[in-house]
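Here is what each chain is made of, one letter per residue.
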Amino acid sequence: MCGLVDEMRTRWRERFSEWYAEHLDRAEILDVRYPVKGTYVWRPYGFRIRARVLGVIRRLLDETGHEEALFPLLIPEHEFAKEAKHIAGFEDEVYWVTHGGLTELKVKLALRPTSETAMYPIFALWIRSHADLPLRVYQVVNTFRYETKHTRPLIRMREITTFKEAHTVHSTSQDAERQVQVAIECYRRFFDTLGVPYIISKRPEWDKFPGAEYTVAFDTIFPDGRLLQIATVHNLGQNFSRTFEITFENPQGEQEYAYQTCYGISDRVIAALLALHGDDAGLCLMPEVAPIQAVIVPIWFKERKEEVDREAEAIAKELSGVRVHIDTRDLRPGAKYYDWELRGVPLRIEIGPRDIEQGKVTLVRRDTGERVSVPRSALRREVERLLGAIGDALRERAWKEMRARLRRATSADEIKGILEERCVAEAFWCGSRECDDTIEAQAGAGFAGMIEGGDEGRCVVCGRGTTKLGIVGRSY
Ligand code: A5A
Ligand code: ZN
């Protein structure tokens with residue numbers, strides 16, 4: 001297969017949680033010492049990765065008719081509390097601003113945990129007729145959720161710093177339904193670009209987004225066998241439009257309530273990007289989002305330093321369009337290699353006097369450690385080819401591993417066994433709450449989602465015929 005060195009991933013696989021915490025720090029992604037629980041500092045290198053990831057999703061959304069906007073952080077209590085199910089789902093998690101200076105506010109203000117109730121009163125003002133529809137906007141903001149489960153950097157944050165939420169409004173339910181498919185396709189392409197494998201499933205009724213008709217989720221599986229929800233797409237039907245009076249005049253001249261969808265991702269996609277492509281030596285960044293795609297390390301010999309430096313500059317110039325960095329720090333080459341491996345730079349270019357004499361350059365892949373010596377004349381072509389190959393290999397490896405962690409079960413006992421082996425189970429499920437409760441009691445985790453329309457089988461609990469496959473895993 002792709003020839004990736006699996007022995008290099010023992011610690012990554014077996015002590016993943018430790019690996020993760022350690023590498024966010026050592027690769028200078030986040031500083032976790034900020035003195036408010038569940039909030040973290042983005043360090044410059046991490047921030048550059050984040051900006052690249054956002055570049056990918058912005059491009060995909062802009063290409064599919066979305067427009068970026070920005071709504072306020074503060075939401076007045078009366079708007080926030082309007083939609084009964086929505087508030088019921090979020091009230092335990094809301095931070096409230098109650099004072100302005102020493103004065104108690106007449107109207108409490110919520111720090112948005114998500115922005116439906118900030119946006120929709122304004123949508124009601126914007127939308128008059130069917131000609132104003134569809135409306136598709138998104139924003140990238142920080143949101144606040146008072147999470148009570150164990151907080152974890154980029155995975156469960158109290159201040160989510162990279163919340164990309166899209167909100168759409170349509171004149172027919174079919175159009176909203178189509179938008180759900182567009183959103184799913186957008187996210188597929190997004191995760192394919194990041195090389196993050198996913199399982200798409202429908203959330204059970206009791207686990208859908210508060211106020212939604214239904215929720216479709218993307219999950220990935222971490223090296224420790226845990227599920228992580230990395231994106232959700234919600235069909236909101238007319239629930240919010242009725243509450244917020246989002247109406248339009250249809251072609252027949254009648255007022256109708258609009259149909260809505262919303263979908264979102266967060267810092268979790270960056271967590272997945274970093275977590276899934278690492279090894280014992282550090283991160284392995286997908287070339288597409290790596291702030292530095294190739295690092296040039298000059299190998300100096302006393303009297304020929306200047307010559308080597310000149311050559312390094314020439315190489316950097318020749319590679320215009322590739323994100324390169326020349327490491328001129330006064331350190332031994334080995335120390336530099338170690339640093340850039342930790343930070344996940346996909347390709348290393350070594351250039352020394354011997355390479356210059358032979359008209360060659362040495363290239364080293366971060367993912368496999370493979371080194372090749374290529375003629376100077378083929379440099380650009382080889383660098384581009386290798387960056388492509390690294391992206392493909394990382395994506396393929398991640399998919400292969402996720403598939404290996406997703407295992408079919410035919411009984412509750414088997415599900416339990418699969419979870420104990422740090423994997424995720426899939427099993428036929430009728431979709432009922434009772435059968436979910438049984439699995440939860442016997443295996444320690446319930447069904448996270450269901451995949452519809454597969455082969456015919458029998459529910460793993462009650463034996464009823466079904467075409468739904470449920471997925472069961474411990475989750476973050
Ligand atoms: N308005 C819709 C889009 C919404 O809020 N959906 S959501 O509640 O499901 O959140 C969107 C995504 O944010 C989730 O799928 C999950 O990937 C991520 N998310 C939720 N809570 C989070 C938290 N505390 N920390 C990091 N990411 C979180
Ligand atoms: Zn059943």
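Residues numbered from 1 in each chain as written. Chains lettered and ligands numbered in written order. Predicted model: local features only at pLDDT ≥ 70, side-chain atom pairs only at ≥ 80, totals over all residues. Heavy atoms only, no water.

Side note on the sheet that holds strand 18 (residues 360–365)
Backbone hydrogen bonds are what pair the strands of a sheet, in a parallel or an antiparallel way.
At step 1: Taken together, the five strands give an open sheet; going across it, the order is 16-15-17-18-19, and neighbouring strands pair in mixed fashion. Whereas interior strands pair on both sides, the edge strands pair on one side only; in this sheet they are strand 16 (324–326) and strand 19 (371–375). Each adjacent strand pair in this sheet contributes to an overall mean axis angle of 25°, direction not counted.
At step 2: With respect to the sheet, helix 11 (residues 333–342) is in contact with strand 15 (294–298), strand 16 and strand 17 (347–351), its orientation differing from that of strand 15 by roughly 170°. (Pairing = 2+ DSSP bridges. Helix = DSSP H or I, 4+ residues; strand = E, 2+ residues; numbered from the N terminus. Axes fitted to C-alpha atoms, helices over the stretch in contact; angles between N-to-C directions. Contact = heavy atoms within 4.5 Å.)

Structural notes on the site of ligand 1
At step 1: Around ligand 1, a shell composed of 20 residues is seen, among which Glu116, Glu147, Gln229, Thr232 and Ser266 lie nearest.
At step 2: One of the side-chain nitrogen or oxygen atoms of Arg145 is found 3.0 Å away from an oxygen atom of ligand 1.
At step 3: Contact distances for ligand 1 include 3.4 Å between a nitrogen atom and a backbone N or O atom of Ile155.
At step 4: Protein coverage of the free-state accessible area of ligand 1, which is 580 Å², stands at 95%. (Near = heavy atom within 4 Å. Polar contact = N/O pair within 3.5 Å; in protein donor to acceptor, adjacent residues only side chain to side chain. Areas by Shrake-Rupley, 256 points an atom, 1.4 Å probe, with all protein chains shown as cover.)

With respect to the pairing of strand 10 (residues 214–221)
At step 1: The buried fraction of strand 10 is high, at eight of eight residues.
At step 2: What you see with strand 10 is no split at all: Tyr214, Val216, Phe218 and Thr220 on one side and Thr215, Ala217, Asp219 and Ile221 on the other are buried throughout.
At step 3: The pairing of strand 9 (residues 199–202) with strand 10 spans four bridges and is classified as antiparallel. Note that in strand 10 the partner of Lys202 across the bridge is Val216.
At step 4: Sheet analysis places strand 10 next to strand 11 (residues 227–237), joined by eight bridges and oriented antiparallel. (Buried < 20%, exposed > 50% of the residue type's maximum accessible area, 1.4 Å probe, protein only.)

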